[in-house]
Amino acid sequence: MRVFKDRELFLPSSVVSIGAFDGLHKGHQKLIRQAVKRARELDVPSVVYTFDPPPRAYFQKQIVLTSLDEKLALMEKLTVDYIIVASFNEHYAARPSADFLDELIQIGACEVWVGSDFRFGKGKEGDIKFLSNYFQVNTYPFVTCDQGKKISSTRIRELLKNNDWLEIYQLLGRESLKTLDV
Ligand SMILES: Cc1cc2nc3c(=O)[nH]c(=O)nc-3n(C[C@H](O)[C@H](O)[C@H](O)COP(=O)(O)O)c2cc1C
Ligand SMILES: Nc1ncnc2c1ncn2[C@@H]1O[C@H](COP(=O)(O)OP(=O)(O)OP(=O)(O)O)[C@@H](O)[C@H]1O
């Protein structure tokens, strides 16, 4: 896996999944595995585009579930070819959604895989409808837990407050989590 942290990546074609992916829980894993599978089928590289710190940690001061190093190690296990890590700061957050589209064009995104609530750009102005004007966007159905509730990083942060490690490990699909700033 090749890591591009605040470095430009140019590719003729690729399948891209995008997100904060904090915790890299089962929902994230399934979405990324699906994008990697599609990349193999199309015989193009798979790219994960992520943010450091996660936008929610930046804006809402939420704790970070997964350090960048741990996230990269987990992405490697998912056999992702390239990972773009954008430093999420004041300057980055102010970028218009059209800027972000240019970046996706630069990496030759022939398919984009995200969850149906994905948003991007300054003030979260961009949504899937907008993205679909430029790329083939595929949404992955929300992965739920045994009780039928959507798995999310937010839920894992809530469970952490109650030290509910059994449930946390179930949502993560692994028995390790090294949080930051807990
Ligand atoms: C160029 C760019 C600018 C963004 N600006 C904002 C922003 O102003 N406010 C905000 O809450 N999120 C902003 N975000 C973060 C997105 O809302 C979202 O968290 C990010 O695309 C990751 O998706 P995910 O939350 O589904 O993982 C921005 C994202 C991008 C790519
Ligand atoms: N349970 C899930 N099943 C499938 N896709 C998911 C799931 N949770 C998140 N995704 C998708 O993964 C990408 C990254 O999501 P994100 O990092 O915002 O995760 P999240 O768990 O929703 O986080 P948070 O609770 O902090 O908003 C997005 O495209 C999102 O729609």
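Just so it is clear, the model here is predicted, and its values are computed rather than measured.

Visitor: Tell me about the nonpolar core, and please be specific about residues and values.
Guide: Formed by 27 residues in total, the largest nonpolar core has its most connected members in I18, Y49, L104 and L131. Within the residue set of this core, elements represented by two or more residues are strand 2 (14–18), strand 3 (46–52), strand 4 (82–87), helix 4 (90–93), helix 5 (97–106), strand 5 (109–114) and helix 6 (128–132). Apart from the residues lying within four places of it in its own chain, the contact partners of L131 are L101, L104, V112, F118, F120 and V137. Among the nonpolar cores identified, the runner-up in size contains 19 residues, and V15, V36, L78 and V85 belong to it.

Visitor: A description of helix 8 (residues 165–172) should follow, citing residues and the corresponding values.
Guide: For helix 8, the complete set of buried residues consists of E167, I168, L171 and L172. Buried residues of helix 8, viewed axially, fall in a sector of 135°; they line one side. As for helix 8, its buried residues are in contact with helix 1 (26–42) and helix 7 (153–161). Looking one or two residues past helix 8, G173 carries a phi angle of roughly 75°, positive in sign.

Visitor: Describe the pairing of strand 3, naming the residues involved and giving the relevant values.
Guide: Summarising burial for strand 3: six of the seven residues are buried, a large majority. Examined bridge by bridge, strand 2 and strand 3 share four bridges and lie parallel to one another. For S17, the partnering residue across the bridge sits in strand 3 and is V48. Between the parallel elements strand 2 and strand 3, the chain passes through helix 1 in a crossover that is right-handed. Pairing between strand 3 and strand 4: six bridges, direction parallel.

Visitor: So, the site of ligand 1: which residues are in play, and what are the values?
Guide: In the region of ligand 1, 17 residues are neighbours, and A20, A93, R119, G121 and G123 sit closest. Within the backbone of A20, a nitrogen or oxygen atom sits 2.7 Å from an oxygen atom of ligand 1. In this structure, an oxygen atom belonging to ligand 1 sits 2.7 Å away from a main-chain N or O atom of G123. In isolation ligand 1 exposes 620 Å². Once the protein is present, 82% of that is buried. The set of elements that each furnish at least two residues to the shell around ligand 1 consists of helix 2 (55–60) and helix 4. For the shell around ligand 1, the residue count by class is ten nonpolar, three polar and four charged.

Visitor: Before we move on, could you go through the site of ligand 2 and cite the residues and values that matter?
Guide: Not every one of the 21 residues close to ligand 2 is listed here, only the nearest: R56, G115, D117, S153 and T154. In this structure, A20 approaches ligand 2 through a main-chain N or O atom, which is 3.4 Å from an oxygen atom. In the model, an oxygen atom of ligand 2 is placed 2.7 Å from a nitrogen or oxygen of the D117 side chain. A total of 600 Å² of accessible area belongs to ligand 2 in isolation, and the protein chains cover 91% of it. Counting only elements with at least two residues in the shell around ligand 2, the list comes to helix 1 and helix 7. Residues belonging to the shell around ligand 2 are distributed by class as follows: nine nonpolar, eight polar and four charged.

Reading the values: the criteria
- Residues numbered from 1 in each chain as written.
- Chains lettered and ligands numbered in written order.
- Predicted model: local features only at pLDDT ≥ 70, side-chain atom pairs only at ≥ 80, totals over all residues.
- Heavy atoms only, no water.
- Core = buried A, V, L, I, M, F, W, Y, C linked by side-chain atoms within 4.5 Å.
- Buried < 20%, exposed > 50% of the residue type's maximum accessible area, 1.4 Å probe, protein only.
- Helix = DSSP H or I, 4+ residues; strand = E, 2+ residues; numbered from the N terminus.
- Contact = heavy atoms within 4.5 Å.
- Arc of directions from axis to C-beta.
- Pairing = 2+ DSSP bridges.
- Right-handed = clockwise from strand over helix to strand, strands pointing away.
- Near = heavy atom within 4 Å.
- Polar contact = N/O pair within 3.5 Å; in protein donor to acceptor, adjacent residues only side chain to side chain.
- Areas by Shrake-Rupley, 256 points an atom, 1.4 Å probe, with all protein chains shown as cover.
- Nonpolar A, V, L, I, M, F, W, Y, C, P; charged D, E, K, R; others polar.

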